[in-house]
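# Understanding the architecture of this molecule
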Amino acid sequence: MLNLLWLVPTLPLLGFLALAVAGGWFSRKTIALIGVGSVGLSLAVAGLVGSAFIGLSGTADRSYDQVLWTWLQVSGFGPAIGFHLDPLSLVMMLVITLVGFLIHLYSVEYMIEDEGYRRFFAYMNLFVVAMLTLVLADNLLLLYLGWEGVGLCSYLLIGFWYRDPANGAAAQKAFIVTRLGDVALAIGLFLLFTHLGTFNIQDLMTRATEQWPVGSSLAAIAAFLLLGGAVGKSAQLPLQTWLPDAMAGPTPVSALIHAATMVTAGMYLIARTHVLYSLAPIAQTAVAMIGAGTLLLAACSALVQRDIKRVLAYSTISQIGYMFLALGVGAWGAALFHFTTHAFFKALLFLAAGAVIQSLHEEHDIYRMGGLRQALPVTFWTFLIGAASLAGFPLVTAGFYSKDWILWEAWASPLGSPWLWGVGVIGAFLTALYSFRLVFNVFFGEAKAEVGSRPGLMVEGPLIVLAAGSLIAGFLEVPRVLGDVSLFSKFVSPVLPSFEATASITTESALQIITMLAALLGIAVAYVLFLRRPALVTAMTETAWGSTLSRFWIEGWGFDRLYDTWFVRPFLWVAQANKDDLIDRVYEGLAWLIRQFFAVLHRTQTGQVRWYAAVLAAGSVVIVALVVLS
Amino acid sequence: MPEMNAESLSIPLTQGMLLAGVLFAFGLIGLLVRRNLIFMLMSVEIMLNAAGLAFIVAGAHWGQADGQVMFLFILTLAAAEVSVGLALVLQLYRHFQTLDADAMSRLWG
């Protein structure tokens, strides 16, 4: 059963090829069937492979390699097209295919009016192929192919409605900003290959531990370069500015690419190469710092946005910050677990937001929504579940368990500290605040806009499935105090080692109570501020301090302006000044010189053959004279 | 035929070379001043023969056969040149209805 693994990325690839090559002749029904069917079949195969893999439990190292062919073979450099299945890539693969399938299904109805229906499904299928290649690749080169592939699809889908120049600009911004990180990643790849002589990830990790001692500078440089790639792709500080603008794409794209899967590729890369980070404690500390910083900054920005999708975008940045925080303290399993639950509830929130936006005729502003509880009951309940999960509503939601695990490890891990934990708890409070700000503004209060179309079955079905996932996925890993389930951490422990907790069980429960209180407090404050006493918010934002701060946060801490002044504008200025290309001047000068020579010499070309003969004779005389006289 | 001594027939090198030089100069002057293509071709022939004469004289002076070998080459070359040259002249005459070289000066920069 395991040898069907190659089919998982191949099926969506076939779907993409069919749509891209022959899609013009298909009806919308056929297009939807191919687009969704290929991912659905891929999900089914992934499920079979997954169950077969879990059945493998007896074997020692619990991994499965499938090498399809060797790309080329040049003196020791033989990158394979091969897949590596272990608990880490299995979890990623299952989440990508499941969430991907649900989002494809949702798009069938959501995108039905769009003229680019075929293009949409072709790009989406291609994205799933690239993402699966990224997580299944057994070597860094193939991983890089998937990495750039998802970047390309992200670019194509952000600029999907390309007629509006703003969307094209957003797509370019996303592409260019992530490219900065990708360059670092590519250099990191070369560095690893030149020093360790292979691209195979498993071999790389073994050789790294053999050749590099803990704290060696080469390991640190390599880890930092890979981190650069991860930071760009996962929209972390300081390369986070592209993600809010990426919301220009269609909502299913935001759900699939810019929330559930692609933006977590950075988390995957670090988890995949975690051995390297264990060798470079300084890089790992940097990961934790970046995560902690990003989660706070993005949470503050999410608090004040008016556009429902931008709130969710900042919230995604913030949640990936939690994953980086977990990676930074060595809680690899917790990061992967938060990825899983986050994929469910954030995809759900985006899809529900999409349903709201569509039924209100493309209204994005949450202050022009309201009272949608009765009009859109299914959307309301599913959105509520998603928001509760995001906020970490205690005990019943998946988000609570994953966030709690991260916070616990941020405190108890040898690399953790109360500071990191404190940032996480403040983040948890802010998360609850902004997620319920959305719920109260959109679904409660008085209705401010007329509801047009109501979402159909194809839209609501995926919402319900994702809502179920956002609730029950958390029970795979329940802390000691609350029931002690460790299915998830046991499953991933062969690849992602955990550590023995040093703190006592009393501390653990105390910390859990604080986390719960932070989430509940956030919800309560949101209830007061955004439903009971909205005047308070207005009063706060009208003070000089409040208005400055909220404007600052709406702009995402002024990063865009900073980059604009420091990088974009100087670059444009240089480009403008040098639009004739300084180096070109040299060659133009050469051409000018030759033209001058021509102007002089062309007079000698008279067409008079006797004149030529005379010059020839004179020239011969001169040369002979030179030879004789010298 | 009385027997002749090679020594008595020998022409001093200087005189031979002078003759060749004068012939060459005549040829060159003819090439430059005549406008008729046929005459220009003939002038080229004179120049070729002047060069040939120089080889013969030099060969005789040094007692080497190379000079005569070279003259044979020049002769062959001249024959080939004339055959091609005359064919071209014929074509040019058909085209321009004249043999004036200066009239055929369209190829200029």
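Counting starts from 1 at the beginning of each chain's written sequence and moves along it residue by residue. Note on labels: chains are lettered from A, ligands numbered from 1, in written order. The predicted origin of the model limits local features to residues at a pLDDT of at least 70 and limits the giving and counting of side-chain atom pairs to 80 or more, whereas totals for whole chains, interfaces and linings rest on all residues. Side-chain calculation: all heavy atoms of the structure are included, whereas hydrogens and water are not.

## Quick look at the overall build of chain B
- Helix and strand counts for chain B come out as four helices and zero strands.
- Under the scheme used here, helices are H or I runs from DSSP no shorter than 4 residues and strands are E runs no shorter than 2 residues, and both carry numbers assigned from the N terminus. Across chain B, helices and strands are ordered from the amino to the carboxyl terminus as α-α-α-α.
- In terms of overall dimensions, chain B is more spread out than a globule: its C-alpha atoms have a radius of gyration of 18 Å, far above the 13 Å expected for 109 residues.
- Only protein chains enter the accessibility calculation, which uses a 1.4 Å probe; a residue is then buried when its area is under 20% of its type maximum, exposed when over 50%, and partly exposed in between. A burial count over chain B gives 24% of its 109 residues as buried.
- Only the protein chains shown count as cover for residues, with accessible areas throughout obtained via the Shrake-Rupley method and a probe of 1.4 Å. Carbon and sulfur atoms make up 71% of the accessible area of chain B, which totals about 7,800 Å². With C-alpha atoms as the basis for the radius of gyration, the globule rule is written as 2.2 Å multiplied by the number of residues raised to the power 0.38.

## As for the interface of chain A and chain B
- At the junction of the two partners, chain A supplies 11 residues and chain B supplies 14 residues.
- Using a 1.4 Å probe, buried area is obtained as the accessible area two parts lose upon being combined, added over both of them. Across the chain A to chain B interface the summed buried area is about 960 Å²; carbon plus sulfur atoms make up 53%.
- Sorting the residues of chain A by area buried against chain B places Gln-605, Gly-607 and Arg-610 of chain A first, and these three jointly supply 52% of that buried surface.
- When a carboxyl oxygen of Asp or Glu lies within 4 Å of a side-chain nitrogen of Lys or Arg, that pair is called a salt bridge. Taken together, chain A and chain B are joined by one salt bridge.
- Between Asp-102 of chain B and Arg-610 of chain A there is a salt bridge, with its nearest N and O atoms 2.7 Å apart.
- Two N or O atoms count as a polar contact when they lie within 3.5 Å, although within protein this holds only if one can serve as hydrogen donor and the other as acceptor, and sequence-adjacent residues are included solely when both atoms are side-chain atoms. If you look at where chain A meets chain B, you find three residue pairs in polar contact (both at pLDDT 80 or more). Every residue pair with non-hydrogen atoms within 4.5 Å of one another is taken to be in contact.

## Observations concerning unusual backbone geometry
Residue and element names in this part refer to chain A.
- Of the consecutive residues Leu-237 and Pro-238, the connecting peptide bond is found in the cis state with omega at 0°.
- For Pro-238, the position within the fold is in the loop between α8 (217-233) and α9 (242-245).
- Notably, Glu-362 is not glycine yet its phi reads approximately 60°, a positive angle.
- Of note, Glu-362 is situated in the loop between α15 (332-359) and α16 (372-375).
- The phi dihedral of Trp-557 falls on the positive side, at around 60°, and the residue is not glycine.
- Within the secondary structure, Trp-557 sits in the loop between α24 (544-554) and α25 (559-577).

## Thoughts on the nonpolar core
- Among buried residues, those of type Ala, Val, Leu, Ile, Met, Phe, Trp, Tyr and Cys that are joined through side-chain atoms within 4.5 Å constitute a nonpolar core. Residues Leu-85, Met-93, Tyr-277 and Leu-336 of chain A are the most contacted members of the largest nonpolar core, which totals 212 residues.
- Per-element tally for this core: the top contributor is α15 of chain A, with 19 residues.
- In this structure, Leu-85 of chain A is in contact with Leu-2, Leu-5, Val-49, Phe-53, Arg-62, Ser-63, Tyr-64, Leu-90, Met-93 and Leu-136 of chain A, ignoring residues within four places of it in sequence.
- Ranked by size, the runner-up nonpolar core spans nine residues in total, among them Ala-613 of chain A together with Leu-31, Leu-41 and Ala-101 of chain B.

## Focus: the domain arrangement of chain A
- How far each domain reaches was decided by an automatic or database domain assignment. As far as domains go, chain A holds domain 1 (348-542) and domain 2 (580-629).
- Just the C-alpha atoms count here: the centres of domain 1 of chain A and domain 2 of chain A sit 82 Å apart.

## Concerning a nonpolar patch on the surface
- Patches draw on residues past 30% relative accessible area with no salt bridge. Two like charges within 9 Å are joined, as are two nonpolar side chains (Val, Leu, Ile, Met, Phe, Trp, Tyr) within 5 Å. Residues Phe-393, Leu-395, Val-396, Val-481, Leu-482, Ile-505, Ile-513, Leu-517 and Leu-520 of chain A make up a contiguous nonpolar surface patch of roughly 730 Å² in combined accessible area.
- For Ile-505 of chain A, the position within the fold is in helix α22 (residues 505-532).

## Looking at the pattern of salt bridges
All names here are of chain A.
- Counted according to the given criterion, the structure contains 15 salt bridges over all chains.
- Salt-bridge contacts for Arg-179 lead to Glu-148; the nearest nitrogen and oxygen are separated by 2.6 Å. In this pair, Arg-179 is assigned in helix α6 (residues 165-196) and Glu-148 in helix α5 (residues 140-158), connecting sequence segments 31 residues apart.
- By sharing partners, the salt bridges in this structure join Lys-173, Asp-245, Arg-310 and Asp-560 into a single network.

## Quick word on α22 of chain A
Residue and element names in this part refer to chain A.
- Look at α22: 39 Å from first C-alpha to last across 28 residues, which is about the 40 Å you get at 1.5 Å a residue.
- Every buried residue of α22 is accounted for by Glu-508, Leu-511, Gln-512, Thr-515, Met-516, Ala-518, Ala-519, Gly-522, Ile-523, Ala-526, Leu-529 and Phe-530.
- Lining the buried residues of α22 we find α17 (377-391), α18 (398-412), α19 (418-443) and α23 (534-542). Here the expected length of a helix is defined as 1.5 Å per residue gap, with one fewer gap than residues.

## Some thoughts on the packing of aromatic side chains
- Only rings of Phe, Tyr and Trp enter the pairing, Trp through its six-membered ring, and a pair is recorded when the two centres are within 6.5 Å. The plane angle decides the type: under 30 degrees is stacked, over 60 is edge-to-face, the rest tilted. A complete count under the given rule lists 25 aromatic pairs over all chains for this structure.
- With a centroid separation of 6.4 Å and 90° between ring planes, the pair formed by Phe-53 of chain A and Phe-491 of chain A is classed as edge-to-face. Taken together, the positions of Phe-53 of chain A in helix α2 (residues 28-54) and Phe-491 of chain A in helix α21 (residues 487-492) put the pair 438 residues apart, joining distant regions of the chain.
- Under the relative-accessibility criterion, Phe-53 of chain A is labelled buried at 0%.
- According to the relative accessible area criterion, Phe-491 of chain A is buried, its value standing at 18%.
- Here Trp-553 of chain A and Trp-557 of chain A contribute two aromatic rings whose centre-to-centre distance is 6.0 Å and whose plane-to-plane angle is 35°, an arrangement assigned as tilted.
- Residue Trp-557 of chain A is classed as partly exposed on the basis of its relative accessible area of 26%.
- Between Arg-34 of chain B and the ring centre of Phe-39 of chain B, over which it is positioned, the NZ or CZ distance is 3.9 Å. By the criterion adopted, a ring carries a charge over it if an Arg CZ or a Lys NZ lies within 6 Å of its centre and within 35 degrees of its normal.

## Some words on the packing of helix α13 (residues 281-304) of chain A against helix α14 (residues 308-328) of chain A
Residue and element names in this part refer to chain A.
- At a minimum axis distance of 7 Å, the contact between α13 and α14 shows a crossing angle of 155°. When the axis of α13 is compared with that of α14, the two are roughly antiparallel. α14 is crossed by α13, and the crossing has left-handed handedness. Of the residues in α14, those in contact with Gln-284, Val-287, Ala-288, Gly-291, Ala-292, Thr-294, Leu-295, Ala-298, Ala-299, Ser-301 and Ala-302 of α13 are Val-311, Tyr-314, Ser-315, Ile-317, Ser-318, Gly-321, Tyr-322, Phe-324, Leu-325, Leu-327 and Gly-328.
- Three classes are used, and their members are as follows: Ala, Val, Leu, Ile, Met, Phe, Trp, Tyr, Cys and Pro are nonpolar, Asp, Glu, Lys and Arg are charged, and the others, Gly among them, are polar. Counted by class, the contact of α13 with α14 contains 14 nonpolar, eight polar and no charged residues. Convention adopted: a line fitted to C-alpha atoms gives each axis, helices being fitted over their contacting stretch, and angles between N-to-C directions are expressed from 0 to 180 degrees. Should an angle fall under 35 degrees it is called roughly parallel, over 145 degrees roughly antiparallel, and 65 to 115 degrees roughly perpendicular, with every other angle called oblique. By convention, the crossing between two helices is left-handed when the near helix turns anticlockwise from the far helix through less than a right angle, and right-handed when the turn is clockwise.

## Points about the confidence of the model for chain B
Residue and element names in this part refer to chain B.
- Confidence scores labelled pLDDT are given residue by residue by the predictor and lie between 0 and 100. In this model, chain B carries a mean pLDDT of 87, and residues with pLDDT of at least 70 account for 91%.
- Across residues 1-5, confidence stays below pLDDT 50; counting only partners more than four residues off in sequence or on other chains, it has one contact.
- Two summary scores accompany this predicted model of the complex, namely pTM at 0.79 and ipTM at 0.83.

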